[in-house]
Amino acid sequence: MASMSIGVSLSMTNVIGRGDDVARLATAAPTTLKLKHQKSSRSWNFGRKRRLTSRATRTVSYSVGEEKIKKNLRVGLICGGPSAERGISLNSARSVLDHIQGNGISVSCYYIDAHLKAFAISSAQLYSNTPADFDFKLESLAQGFSSLSDFAEHLVSAVDIVFPVIHGRFGEDGGIQELLESRNIPFVGTGSSECRRAFDKFEASLELKKHGFMSVPNYLVQGTEVYESGMAQWFTDNRLDLEVGKVVVKPARAGSSIGVKVAFGVKDSIKKAVELILEGIDDRVVVEVFINNGHEFTAIVLDVGSGSDCHPVVLLPSEVQLQFHGSGDPEEDAIFDYRRKYLPTQQVTYHTPPCFPIHVIKSIREEASLLFQKLGLRDFARIDGWYLAPTSNISSSSETSRGRKSGNIIFTDINLISGMEQNSFLFQQASKVGFSHSKILRTILHRASSRLPHLTCSYESSHLLRGSTTLKTSGDVQKVFVIFGGDTSERQVSVMSGTNVWMNLQRFIDLKVTPCLLSPSLTNSSGAFPDKTESDLDNREVWLLPYSVVLRHTAEEILAECLEGIEPDRALFTSLLQKQVMEDLMDGLKNQSWFGGFDITDELPMKFSLREWIKLASEAQATVFIAVHGGIGEDGTLQALLEDEGVAYTGPGVLASRTCMDKVMTSQALSHLSEFGVHTISKDVKRTEDIMHETISNIWDELITKLRCLTFCVKPARDGCSTGVARLCSAEDLAVYVQALKDCLPRIPPNTLSKTHGMIEMPNITPEFLIFEPFVETDEIIVSSKAKQQLSWKGTRRWVEITVGVIGKRGSMRSLNPSLTVKESGDILSLEEKFQGGTGINLTPPPPTIMSKDALKRCKQGIELIAETLGLEGFSRIDAFVHVETGEVLVIEVNTVPGMTPSTVLIQQALAEQPPMYPPQFFRVLLHLATEREFE
């Protein structure tokens with residue numbers, strides 16, 4: 001192939017604003033992208049040596065004569081830690097970095113590994129999917145510190161204030177706080193002694209009782225020697241059946257529902273408590289009465305006081321409503337677990353504000369504010385609890401004391417460092433009362449800084465009004481519509497992708513970016529075979545969304561909020577609560593010189609038909625950034641509609657989209673490339689309806705004969721890259737899979753099939769065709785934080801799985817550095833491993849100990865040949881197997897609208913470029929390529 005190149009130059013000067021992570025580029029040379037074709041119980045003791053040096057060394061403003069010189073506030077962002085939540089910590093740190101960097105704040109990033117060793121890391125590392133992506137190479141990649149004391153000494157001179165975002169142990173139990181206090185280092189959040197009392201669930205319950213608040217009746221298990229008689233007496237005291245009484249068993253010192261289980265009866269409770277202890281999660285386990293007939297909620301508390309004055313204001317709480325369907329497992333359905341918290345699914349729905357009576361919400365806010373003060377908390381926190389119905393099994397009379405008037409409100413968990421992912425409760429609730437991400441985080445920083453007069457805050461919060469659904473702009477501003485949602489099983493990932501694109505692009509002051517929801521179709525929700533018609537497309541709706549609505553967790557939540565927003569009674573209810581919260585906030589903020597007012601508006605959403613929306617985009621001369629995964633967003637339909645109106649859009653064109661959406665067509669289009677080292681996998685396509693009516697054993701025998709193997713990979717012919725994909729090792733596995741389709745199950749639980757696997761998300765709509773392929777055995781890559789050699793692989797088969805992005809114009813697409821995919825829960829990558837931050841391991845680029853430079857070069861050439869052959873343009877992602885010696889490529893599939901979530905491999909690969917492309921730059925380049933599109 002002839003060598004070709006194009007240049008895409010984007011000057012970042014004077015276009016990036018709003019305190020983003022690439023503000024430093026504003027003073028650099030213009031960025032040019034050249035696309036060429038080529039044990040848990042412990043006491044944290046740090047010797048509590050106090051530095052007596054003057055704190056003036058941390059002053060960030062000083063005077064020369066009468067002229068005041070202002071310097072950036074230096075923030076040390078610390079993430080990681082020893083708990084299982086370190087992946088979520090990475091997500092939180094990334095979000096904080098994105099929204100505070102710049103405009104008078106400079107951020108230095110630090111990471112503490114599972115063994116409590118500290119490292120100074122680059123900001124690029126925060127965009128990894130999980131700490132395991134880089135743990136094994138930290139010694140050579142980052143600056144390590146010999147001890148935590150050495151790390152603290154470094155912080156004394158390197159930063160003015162620390163923003164800790166370590167969740168769980170060492171972050172919320174007082175560990176990191178005690179380390180910082182031992183060196184007089186200012187930090188955001190609650191002090192160490194208060195953290196210790198609030199973090200331990202049993203100790204916290206005692207504190208609640210001490211201050212007159214209700215608490216859930218509980219029993220503490222310590223060690224593996226548990227006396228059945230003591231547990232039985234507790235069951236009896238709380239009117240629980242000794243054999244089947246329902247309780248919750250959870251570690252006393254772990255967050256995010258890690259290790260939380262439901263148990264039935266005394267023996268089962270003891271068994272599960274001992275299991276948690278033996279697993280090493282915690283040696284203190286709490287057994288609690290399971291709350292029946294209660295409504296779960298969570299509330300962010302923000303301290304808007306100054307100095308030593310505490311002025312806590314509770315924002316609009318969120319109701320957590322579990323959806324009891326899908327698994328049939330009463331234990332799994334009963335709790336708000338880790339998966340429900342961090343992977344958007346319809347298993348849980350959030351309502352902000354809650355669907356409670358207004359006097360109940362008022363009581364929650366009053367009581368949570370009082371609890372914040374009584375426990376000595378600082379700056380911000382998240383408090384979880386329950387609103388008890390009159391028929392609840394928890395008696396308010398027995399637990400309420402000292403005149404507490406809210407006998408129907410019970411608090412259960414104190415979260416001292418609340419999760420700060422893009423659509424976390426912190427940002428959801430803050431956005432409902434006028435705070436953007438940047439504004440709420442900077443408000444928290446201002447509050448923490450105000451405790452130390454020498455920390456003169458010279459930085460300012462942006463006062464750019466956002467969240468407007470109007471299209472009026474002034475000056476030379478480019479309009480961008482980011483569309484996401486739809487009705488495929490990947491619609492929740494699409495929401496994550498679209499939200500991330502919107503948040504990154506809105507940092508450019510020369511762009512007017514409007515988030516848009518392609519609402520889930522109501523006509524194809526029964527699981528019937530889809531029948532896409534012109535009338536169906538006419539019935540599709542698109543909503544223009546205000547800021548706060550975008551931050552819902554699922555497409556269904558966003559749609560419900562849109563409908564609520566235009567429903568008079570609910571809109572009035574929300575408006576009254578918003579007004580009260582904002583007045584409470586202003587009582588504390590009105591005298592703060594740095595507070596310039598709220599910076600987002602909460603306007604009404606606007607509804608259009610799909611065709612009306614496309615005409616609107618045409619009239620506004622907007623570029624459409626497509627983030628709709630699967631369905632009409634990826635099969636060429638939306639692309640064709642946009643082309644008909646002359647609207648520029650991101651990603652490949654109509655023909656390439658249609659070809660890549662159909663996995664059989666993709667293989668056929670590439671079947672002639674074997675001589676160039678590009679191969680395809682043999683396939684057998686079967687109609688799903690036929691399979692449902694045939695004998696399973698006959699189908700299995702036929703597959704063995706036709707594909708000449710004993711193990712198969714099954715997947716829908718036209719669906720997303722993770723949906724319905726499973727490894728089948730026997731006819732019995734096939735029978736389970738087919739039955740799941742017949743029953744329209746939303747998912748197949750882990751390890752249901754004969755081979756170990758994770759959760760299998762099933763198609764939202766029964767696929768018309770299924771593809772069966774020989775299962776390709778690859779070499780197992782092990783990334784272990786316990787092993788001395790943390791990265792290991794046997795390399796007997798010499799094939800590994802990769803995923804790689806391609807970017808550029810048609811005919812000159814360039815391959816980014818591939819990522820090796822590491823499967824943690826079976827032979828097929830789960831939805832979490834692909835899209836949920838904090839899970840899944842990707843090694844970018846492939847370590848040279850696994851793939852040589854020559855093999856990597858040949859692999860990238862093969863990937864570029866695939867892109868050229870399929871007519872790809874803009875950007876796409878190619879999944880394949882690659883031979884580590886020859887660089888030969890065996891194609892799995894091509895995704896023309898790949899995942900664009902905050903930790904997606906595309907962002908990691910862009911950051912691996914030289915020079916690195918941070919997310920705002922990366923998405924801006926993709927937008928630029930869309931405007932350069934030439935329609936066929």
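Residues numbered from 1 in each chain as written. Predicted model: local features only at pLDDT ≥ 70, side-chain atom pairs only at ≥ 80, totals over all residues. Heavy atoms only, no water.

**Q** Any details on helix α1 (residues 86-100)? Residues and values, ideally.
**A** Compared with an ideal rise of 1.5 Å per residue, which puts 15 residues at 21 Å, α1 spans 21 Å between its outermost C-alpha atoms and is within 8% of the ideal. Burial runs high along α1: 14 of the 15 residues are buried. Immediately downstream of α1, the backbone of Gly102 shows phi near 95°, a positive value. (Helix = DSSP H or I, 4+ residues; strand = E, 2+ residues; numbered from the N terminus. Expected span 1.5 Å × (residues − 1). Buried < 20%, exposed > 50% of the residue type's maximum accessible area, 1.4 Å probe, protein only.)

**Q** Which residues make up the sheet that holds strand β10 (residues 218-222), and what are the values?
**A** Within the open sheet, the four strands sit side by side as β10-β13-β11-β12. Their pairing is antiparallel. The open sheet has two free edges, formed respectively by β10 and β12 (261-264), since each of these has just one partner strand. Neighbour-to-neighbour, the strand axes of this sheet turn through a mean angle of 30°, independent of strand direction. The pairing of β10 with strand β13 (residues 284-289) spans five bridges and is classified as antiparallel. Considered in β13, the bridge of Leu220 is made with Val286. Each of β10, β11 (246-251) and β13 is contacted by helix α6 (residues 201-210), which is oriented at about 50° to β13, the strand it contacts most. The sheet contacts of helix α7 (residues 228-237) involve β10, β11 and β13, and relative to β10 the element is tilted by about 170°. (Pairing = 2+ DSSP bridges. Axes fitted to C-alpha atoms, helices over the stretch in contact; angles between N-to-C directions. Contact = heavy atoms within 4.5 Å.)

**Q** Can you break down the sheet that holds strand β6 (residues 105-112) residue by residue, with the values?
**A** Strand-to-strand pairing in sheets goes through backbone hydrogen bonds, with the strands running parallel or antiparallel. The strand order across the open sheet formed by five strands is β8-β7-β6-β5-β9, and the pairing between neighbours is mixed. Every other strand in the sheet has two partners, leaving β8 (143-144) and β9 (161-164) as the edge strands with one partner each. Relative to β9, strand β5 (residues 73-80) is paired through four bridges, and the arrangement is parallel. Bridge assignment links Leu77 to a residue of β9, and that residue is Phe163. The sheet strands contacting α1 are β5, β6 and β9, and the helix crosses β5 at an angle near 160°. Helix α3 (residues 148-158) contacts β5, β6, β7 (118-121) and β9 of the sheet and is inclined by roughly 180° relative to β6.

**Q** How would you summarise the nonpolar core if you had to cite specific residues and measurements?
**A** Phe163, Leu585, Trp613 and Phe625 are the most contacted members of the largest nonpolar core, which totals 146 residues. Once residues within four sequence positions are removed from consideration, Phe163 is found in contact with Val75, Gly76, Leu77, Ile78, Val96, Val188, Met420, Leu441, Ile444 and Leu445. In this structure, Leu673, Leu872, Ala880 and Val884 belong to the second largest nonpolar core, which totals 35 residues. (Core = buried A, V, L, I, M, F, W, Y, C linked by side-chain atoms within 4.5 Å.)

**Q** Tell me about the pattern of salt bridges, residues and numbers included.
**A** For the structure on display, the rule yields 43 salt bridges. Its salt-bridge partner being Glu561, residue Lys432 comes within 2.8 Å of it at the nearest N-O pair. Note that Lys432 is positioned in the loop between α13 (425-431) and α14 (437-449) and Glu561 in helix α18 (residues 555-565), a separation of 129 residues in sequence. Two residues, Glu564 and Arg570, come together in a salt bridge whose shortest N-O distance is 3.2 Å. Residue class for Arg570 comes out buried when judged on its relative accessible area of 12%. If you follow the salt bridges from partner to partner, you end up with Lys261, Lys271, Glu275 and Glu279 in one network. (Salt bridge = Lys/Arg side-chain N within 4 Å of Asp/Glu carboxyl O.)

**Q** Account for the environment of Asp587, with residues named and values stated.
**A** You can see Asp587 is positioned in helix α19 (residues 568-589). A residue is classified by how much of its surface remains accessible, and Asp587, at 44% relative accessible area, is partly exposed. For the pair Asp587 and His311, spaced 276 residues apart in the sequence, the C-alpha separation amounts to 9.0 Å.

**Q** Quick one: what's the story with the packing of helix α21 (residues 637-644) against helix α22 (residues 654-661), residue by residue and with numbers?
**A** One way to put it is that α21 packs onto α22 with a least axis distance of 8 Å and a crossing angle of 170°. In terms of orientation, α21 and α22 fall into the roughly antiparallel class. Contacts between α21 and α22 involve Gln639, Ala640 and Glu643 from the first element and Val654, Ser657 and Arg658 from the second. Its residues placed into classes, the contact of α21 with α22 shows two nonpolar, two polar and two charged. (Parallel < 35°, antiparallel > 145°, perpendicular 65-115°, else oblique. Nonpolar A, V, L, I, M, F, W, Y, C, P; charged D, E, K, R; others polar.)

**Q** Please provide a residue-by-residue account of the environment of Val480, values included.
**A** Within the secondary structure, Val480 is located in strand β20 (residues 478-485). Along the primary structure Val480 and Leu511 are separated by 31 residues, whereas in three dimensions their C-alpha atoms are 7.0 Å apart. Not counting the four nearest positions on each side in its chain, Val480 is found in contact with Leu505, Leu511, Lys512, Val513, Thr514, Ala622, Thr623, Phe625 and Leu927.

**Q** How would you summarise the confidence of the model for the chain if you had to cite specific residues and measurements?
**A** Confidence in the prediction of the chain, expressed as mean pLDDT, is 84, and 81% of residues score 70 or more. Across residues 336-342 the pLDDT falls below 50, and counting only partners more than four positions away or on other chains, this stretch makes 37 contacts in the model. (pLDDT = per-residue confidence, 0-100.)

**Q** Any details on unusual backbone geometry? Residues and values, ideally.
**A** Cis peptide bonds are those with omega within 30 degrees of zero, and the linkage from Thr352 to Pro353 qualifies with 0°. Topologically, Pro353 is positioned in the loop between β17 (348-351) and α11 (358-374). With an omega of -5°, the peptide bond between Gln914 and Pro915 qualifies as cis. The backbone of Asn103 sits at a positive phi, close to 50°, despite the residue not being glycine. We classify Asn103 as partly exposed; its relative accessible area is 40%. One non-glycine residue, Cys744, adopts positive backbone phi at about 55°. In this structure, Cys744 sits in the loop between α26 (731-742) and β29 (747-748).

**Q** For helix α5 (residues 192-199), give the residues involved together with the corresponding values.
**A** Along α5, the positions that sit buried rather than exposed are Ser192, Cys195, Ala198 and Phe199. For α5, the arc enclosing every buried residue in end-on projection is 130°, short of the 170-degree limit, so these residues lie on one face. (Arc of directions from axis to C-beta.)

**Q** Let's hear about the side chain of Thr623: which residues, and what values?
**A** Structurally, the position occupied by Thr623 is in strand β24 (residues 623-626). Separated by 3.4 Å, the side chains of Thr623 and Gln478 make a polar contact. When sequence neighbours within four positions are dropped, the list of residues in contact with Thr623 reads Gln478, Lys479, Val480, Phe481, Ala648, Tyr649, Leu927, Ala930 and Thr931. (Polar contact = N/O pair within 3.5 Å; in protein donor to acceptor, adjacent residues only side chain to side chain.)

**Q** Outline the environment of Phe923, supporting the account with residue identities and numerical values.
**A** Take Phe923: it is sitting in helix α30 (residues 919-931). In this structure Phe923 comes out as buried when scored by relative accessible area, which is 0%. Beyond its immediate sequence surroundings of up to four residues, Phe923 is in contact with Asn500, Val501, Asn504, Leu505, Phe625, Met900 and Ile907.

**Q** Give a description of a nonpolar patch on the surface that names residues and reports values.
**A** A cluster of nonpolar side chains, namely Ile358, Leu572 and Leu576, defines an oily patch on the protein surface of about 280 Å² accessible area. Relative to the assigned elements, Leu576 resides in helix α19. (Patch = residues over 30% accessible without salt bridge, like charges linked within 9 Å, V, L, I, M, F, W, Y side chains within 5 Å. Areas by Shrake-Rupley, 256 points an atom, 1.4 Å probe, with all protein chains shown as cover.)

**Q** Explain the packing of aromatic side chains to me, using residue names and the numbers behind them.
**A** The tally for this structure, following the rule as stated, stands at 19 aromatic pairs. An angle of 85° between the planes, with centres 6.1 Å apart, marks the rings of Phe297 and Phe411 as edge-to-face. Of this pair, Phe297 sits in strand β14 (residues 294-303) while Phe411 sits in strand β19 (residues 409-415), and the two are 114 residues apart along the sequence. Take Phe297 and Phe411: they sit in the same class, and that class is buried. Each ring, one from Trp594 and one from Phe595, has its centre 5.8 Å from the other, and the planes form 90°; the classification is edge-to-face. Judged by relative accessible area, Phe595 falls into the buried class, the value being 10%. Members of the aromatic cluster, connected to one another through ring pairs, are Phe435, Trp594, Phe595 and Phe598. Here the guanidinium or amino end of Arg727 rests over the ring plane of Phe775, the centre of that ring lying 4.1 Å away. One cation-aromatic arrangement involves Arg924 over Phe508; the distance from NZ or CZ to the ring centre is 4.8 Å. (Phe/Tyr/Trp six-rings, centres within 6.5 Å; stacked < 30°, edge-to-face > 60°. Lys NZ or Arg CZ within 6 Å of the ring centre and 35° of its normal.)

**Q** If you had to explain the packing of helix α23 (residues 663-670) against helix α28 (residues 853-870) to someone new, which residues and values would you point to?
**A** Across the interface, α23 lies against α28 with an axial gap of 10 Å and an inter-helix angle of 105°. Overall, the two elements α23 and α28 adopt an arrangement that is roughly perpendicular. Contact residues: Thr666, Ala669 and Leu670 in α23; Ile866, Thr869 and Leu870 in α28. Residues that form the contact of α23 with α28 fall into these classes: four nonpolar, two polar and no charged.

**Q** Kindly report on the pairing of strand β18 (residues 380-388), identifying the contributing residues and their values.
**A** Side-chain direction in a regular strand flips from residue to residue, so the side chains alternate between the two faces of the sheet. Counting buried residues along β18, nine of its nine residues qualify, which places the element largely inside the surrounding structure. As judged from the nine bridges shared by β14 and β18, these two strands associate in the antiparallel manner. The residue bridging Leu302 from the neighbouring strand is Phe380, located in β18. One ladder, built from six bridges, connects β18 with β19; its direction is antiparallel. Looking across to β19, one finds that Tyr387 is bridged to Ile409.

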